[in-house]
Amino acid sequence: VDGLAAGANTTVTWTDETVRTAGDLVTVTVTADPEDGITESDEENNCKTLEKTVVNNGYRGKRWTGGEDITTAATYTVRGDLVYSSGTSTYLSASTGWTDETVTWTAGDLAVPENATITAARLYVPYTWDKGPVFPANVTLTFNGEPIGEEAFYADEKLWGTSYPYGMTVYDVTGAFGTGGNTAVLANAFPGGGNVSVRGMLLAVVYDDGVTAPHTVLMNEGFDLLYGGAAQSTTPEQATAYAPFSAVKSGAAGARLVTVAPGAGPTEGDLLFNGETFQNVWNYTGASQIGLDDRDVTALLAGENLAGF
């Protein structure tokens, strides 16, 4: 750096190319006038030393940061099918100071055939910008008046600077589900309310009517916060999450891939499946911010059956 006038300043940018592991302690030393070209009364105070701990870049997919894939959480074999709906759910902003949110589903939202039995009903509640943290300890859910404990909880965050968790809570509401209509109430007990935004709710139901051709339904679940761009020191390749469907049987007559990407609107993100790329596929369900895509992938079935976000 050229000499500076008294009181002036400049910024020096430097990139450390060393590949490091999260948890490593790194010492950074900056030296002014390293060649002692300027006469000073004190030559011993020209160094500034900082110690920093390396953190994972949470915007990358978890395969880059030692985390887990979007893995199979439940498998169902039925003479039936899968239906899903976000009901009346909408994006719920933390700024409203909300303390409870009610979402309903009519019988028409989830077309379960008459006389079918309900094999599974899973309710997904994705959230963003959790400043509390509110999830999962400060929320409770009732479904058709019955208290429901969480089945699973997934989260991820940027991990540096201003960083808040994003994530999803899963509730098994099979025993409380009604074919005539359903109501979920999410309560926020964090002091003052608010402090987290909810993308909406997605209710997925597997039924068995004893008539439909046999279906195997695999529910893969997880959460991976993704951003692929130089502004956050990532690339689209690095900012990819993967969902393997290893239990798909060979010789299947057909295959549907239903992918859910909270926060993904119709102009962001690619869906990958067995070597094929589908661009800008996710659309919000109703007034929620839950991006969803439903497509036939029968022609693409292979040995691994790997989806990528």
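Structure shown above.
Everything numeric here is computed off the predicted structure, so don't read it as measured data. (Residues numbered from 1 in each chain as written. Predicted model: local features only at pLDDT ≥ 70, side-chain atom pairs only at ≥ 80, totals over all residues. Heavy atoms only, no water.)

Colleague: I tried to follow a nonpolar patch on the surface on my own but got confused; where do I start?
Modeller: Side chains of V1, L4 and V12 sit close together on the surface and give an oily, nonpolar patch of about 340 Å² of accessible area. Its place among the elements puts L4 in the segment before β1 (25-31). Residue class for L4 comes out partly exposed when judged on its relative accessible area of 48%. (Patch = residues over 30% accessible without salt bridge, like charges linked within 9 Å, V, L, I, M, F, W, Y side chains within 5 Å. Areas by Shrake-Rupley, 256 points an atom, 1.4 Å probe, with all protein chains shown as cover. Salt bridge = Lys/Arg side-chain N within 4 Å of Asp/Glu carboxyl O. Helix = DSSP H or I, 4+ residues; strand = E, 2+ residues; numbered from the N terminus. Buried < 20%, exposed > 50% of the residue type's maximum accessible area, 1.4 Å probe, protein only.)

Colleague: Sorry if this is basic, but what is going on with the side chain of T169 here?
Modeller: Checked against the element boundaries, T169 lands in strand β10 (residues 166-172). Judged by its relative accessible area of 0%, T169 is buried. Those residues in contact with T169 that lie beyond four places of it in its chain are L123, Y124, V125, F135, E150, A152 and F153. (Contact = heavy atoms within 4.5 Å.)

Colleague: Got a minute to help me understand a negative patch on the surface in this structure?
Modeller: A contiguous patch of negative charge on the surface is contributed by E35, D36, E40, D42 and E44. Looking at the secondary structure, you find E35 in the loop between β1 and β2 (47-53). According to the relative accessible area criterion, E35 is exposed, its value standing at 75%. (Lys, Arg positive; Asp, Glu negative; His and termini not counted. Charge placed at Lys NZ, Arg CZ, Asp CG, Glu CD.)

Colleague: What am I meant to see in the nonpolar core here?
Modeller: Looking at soluble globular proteins, one finds that nonpolar side chains tend to be buried together. The biggest cluster of nonpolar side chains holds 30 residues, and the ones touching the most others in it are L123, F143 and L186. Secondary-structure elements contributing two or more residues to this core are β5 (100-106), β6 (117-128), β7 (139-143), β11 (181-188) and β13 (202-208). Residue contributions to this core peak at four residues, all from β6. When residues no more than four places from it in sequence are discounted, the contact partners of L123 are W105, L141, F143, T169, V170, Y171, V173, A184, M201, L202 and L203. One finds V78, L82, V217 and L292 within the second-largest nonpolar core, a separate group that totals 21 residues. (Core = buried A, V, L, I, M, F, W, Y, C linked by side-chain atoms within 4.5 Å.)

Colleague: How do you make sense of the sheet that holds β7 when you look at a structure like this?
Modeller: Strand pairing in a sheet relies on backbone hydrogen bonds. The paired strands run either parallel or antiparallel. A sheet is described by the order of its strands in space; here four strands give the open sequence β5-β11-β7-β8, paired in antiparallel fashion. In this open sheet, the two edge strands, each paired with only one partner strand, are β5 and β8 (146-148). Along the sheet, successive strands turn relative to each other by an average axial angle of 25°, direction set aside. Relative to β11, β7 runs antiparallel, the two sharing five bridges. Bridge pairing in β11 places T142 opposite V185. (Pairing = 2+ DSSP bridges. Axes fitted to C-alpha atoms, helices over the stretch in contact; angles between N-to-C directions.)

Colleague: Looking at this structure, I do not really get the environment of M168. What am I missing?
Modeller: Its place among the elements puts M168 in strand β10. Judged by relative accessible area, which is 9%, M168 ranks as buried. Taking C-alpha positions, M168 is 10.0 Å from D224, a pair spaced 56 residues apart along the chain. Ignoring sequence-local partners within four residues, the contact set of M168 consists of Y124, V125, P126, Y127, A152, F153, Y154, G222 and F223.

Colleague: Could you clarify how one ought to interpret the side chain of D69 in this entry?
Modeller: By the secondary structure assignment, D69 is in the loop between β2 and β3 (71-78). In this structure the side chain of D69 is engaged in a polar contact, spanning 2.9 Å, whose partner is the side chain of R63. In contact with D69, other than residues within four places in its own chain, are R63, E221, Y242 and P244. (Polar contact = N/O pair within 3.5 Å; in protein donor to acceptor, adjacent residues only side chain to side chain.)

Colleague: Any chance you could explain the sheet that holds strand β15 (residues 242-244) here in plain terms?
Modeller: Taken in spatial order, the four strands of this open sheet run β15-β21-β17-β18, and their pairing is antiparallel. Edge strands, defined here as strands with exactly one partner in the open sheet, are β15 and β18 (276-279). Recorded for the sheet is a direction-independent mean angle of 15° between the axes of neighbouring strands. With three bridges connecting them, β15 and strand β21 (residues 306-308) associate as antiparallel partners. Considered in β21, the bridge of Y242 is made with G308.

Colleague: What exactly am I supposed to notice about the pairing of β6 here?
Modeller: A regular strand places its side chains on the two faces of the sheet in alternate fashion. With nine of twelve residues buried, β6 lies mostly within the body of the structure. In terms of strand pairing, β6 meets β10 through six bridges, oriented antiparallel. In the sheet register, Y124 faces β10, and the bridge partner there is V170. Across two bridges, β6 lies against strand β12 (residues 197-198) in antiparallel orientation. Looking at β12, one finds that T128 is bridged to S197.

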